[in-house]
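# Overview (structure and organization)
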Amino acid sequence: MANFDLDSTIEELALSVESLPMRSKAALFGACAEALVPLLDEVERRTSGKWTFPTARIALDLVSGFIEGGPSRGDHRELRQRILAAGPNGHELDSPWSTYAQDALICVDAALVAASALGDRDFKPIWIQYVINPLVVSLDVQGYDVESSPGPVGGNEFQVQLDRAVTFLHSAAARLSLQEIDLVTYRELVEEAEVIRPTVLG
């Protein structure tokens, strides 16, 4: 069985996302963002509130409304700027927490773009890399180099975590390409998306 190739996997995932309707793109990225929100909560806790992320919740509520059947509204440029400016940079907060925060916020932003009036123009499927990156970074911190020492599916405990995340993303994209998205489906996606969240909380 071939070893895991991160770049090829991201390209495949981006292709599977590209053909989805905008509401399904919003659902996929919204679910993944919801799964990563606990990382934002942990950054807030670890920094005693130096960084807070209220705009993430505002954006995800807008996304949820769009998924439920509401119309896309505006381009959300100001809110997007506030979301992306909210996270700490690497020189402000030690890795991996700065990376976790930035990746989570990019996922929030991607969901919001998909739910916006300019989604068809501005959405980039390659943003799927930020969905998988927190787990990749977490495994790297634990000593598993995804780029240079990947194993076959089920090869070790770290590869199993990565395989689960990738399998979820592929299956979610396939499912969203075949069915109308509704609130029940979205809630199921949010629950299933927990496999993308690094096991760094406890």
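Scope of this entry: the structure provided in the associated data block. (Residues numbered from 1 in each chain as written. Predicted model: local features only at pLDDT ≥ 70, side-chain atom pairs only at ≥ 80, totals over all residues. Heavy atoms only, no water.)

### What to know about a negative patch on the surface
Together, D5, D7, E11, E12, D140, D145 and E147 make up a negatively charged patch on the protein surface. By secondary structure assignment, the location of D5 is in the segment before α1 (6–18). (Patch = residues over 30% accessible without salt bridge, like charges linked within 9 Å, V, L, I, M, F, W, Y side chains within 5 Å. Areas by Shrake-Rupley, 256 points an atom, 1.4 Å probe, with all protein chains shown as cover. Salt bridge = Lys/Arg side-chain N within 4 Å of Asp/Glu carboxyl O. Lys, Arg positive; Asp, Glu negative; His and termini not counted. Charge placed at Lys NZ, Arg CZ, Asp CG, Glu CD. Helix = DSSP H or I, 4+ residues; strand = E, 2+ residues; numbered from the N terminus.)

### Quick notes on unusual backbone geometry
Here S95 and P96 are connected by a cis peptide whose omega angle stands at 10 degrees. For P96, the position within the fold is in the loop between α4 (77–85) and α5 (97–114). Unlike most non-glycine residues, S48 shows phi in positive territory, near 50 degrees. Tracing the backbone shows S48 in the loop between α2 (22–46) and α3 (54–67).

### Description of the nonpolar core
One recurring pattern in soluble globular proteins: nonpolar side chains tend to sit buried together. Ranked by internal contacts, the top residues of the largest apolar core, which has 71 residues, are L28, F29, F53, F123, I128 and L169. For this core, the elements supplying multiple residues, two or more each, are α1, α2, α3, α4, α5, α7 (128–141), α8 (157–178) and α9 (183–192). Per-element accounting of this core gives the leading share, 14 residues, to α2. Excluding residues within four positions of it along the chain, L28 makes contact with V17, L20, I128, L169, A172 and L176. (Core = buried A, V, L, I, M, F, W, Y, C linked by side-chain atoms within 4.5 Å. Buried < 20%, exposed > 50% of the residue type's maximum accessible area, 1.4 Å probe, protein only. Contact = heavy atoms within 4.5 Å.)

### Describing the packing of α4 against α5
Two numbers describe how α4 lies on α5: the axes approach to 9 Å, and their chain directions differ by 165 degrees. As far as their axial angle goes, α5 and α4 are roughly antiparallel. In terms of crossing hand, the pair formed by α4 and α5 is right-handed. Contacts from L79, R80, I83 and L84 of α4 reach α5 at Q102, L105, I106, V108, D109, L112 and V113. Class assignment of the residues belonging to the contact of α4 with α5 gives a composition of 8 nonpolar, 1 polar and 2 charged. (Axes fitted to C-alpha atoms, helices over the stretch in contact; angles between N-to-C directions. Parallel < 35°, antiparallel > 145°, perpendicular 65-115°, else oblique. Left-handed = near helix turned anticlockwise from the far one by under 90°. Nonpolar A, V, L, I, M, F, W, Y, C, P; charged D, E, K, R; others polar.)

### Remarks on the packing of aromatic side chains
One pass over the full model with this rule turns up 4 aromatic pairs. For the pair F123 and W127, a centre-to-centre distance of 5.5 Å together with 80 degrees between the ring planes defines the contact as edge-to-face. Each member of the pair, F123 as well as W127, is classed as buried. Geometrically, the ring pair formed by Y144 and F158 is stacked, given 5.5 Å between the ring centres and 20 degrees between the ring planes. Of this pair, Y144 sits in the loop between α7 and α8 while F158 sits in helix α8; the two residues are 14 residues apart in sequence, bridging distant segments of the chain. By the burial criterion, Y144 is buried, and F158 matches it. Taken together, the aromatic side chains of F29, F123 and W127 make up a single cluster linked through ring pairs. The ring of F66 is capped by R23, whose NZ or CZ atom sits 4.4 Å from the centre of that ring. (Phe/Tyr/Trp six-rings, centres within 6.5 Å; stacked < 30°, edge-to-face > 60°. Lys NZ or Arg CZ within 6 Å of the ring centre and 35° of its normal.)

### Re the environment of D103
Mapped onto the elements, D103 comes out in helix α5. Owing to a relative accessible area of 4%, D103 belongs among the buried residues under this scheme. For the pair D103 and Q159, spaced 56 residues apart in sequence, the C-alpha separation works out to 21 Å. Residues contacting D103, with those up to four places away along its chain left out, are Y130, N133 and P134.

What is shown is where atoms sit, not what they do.
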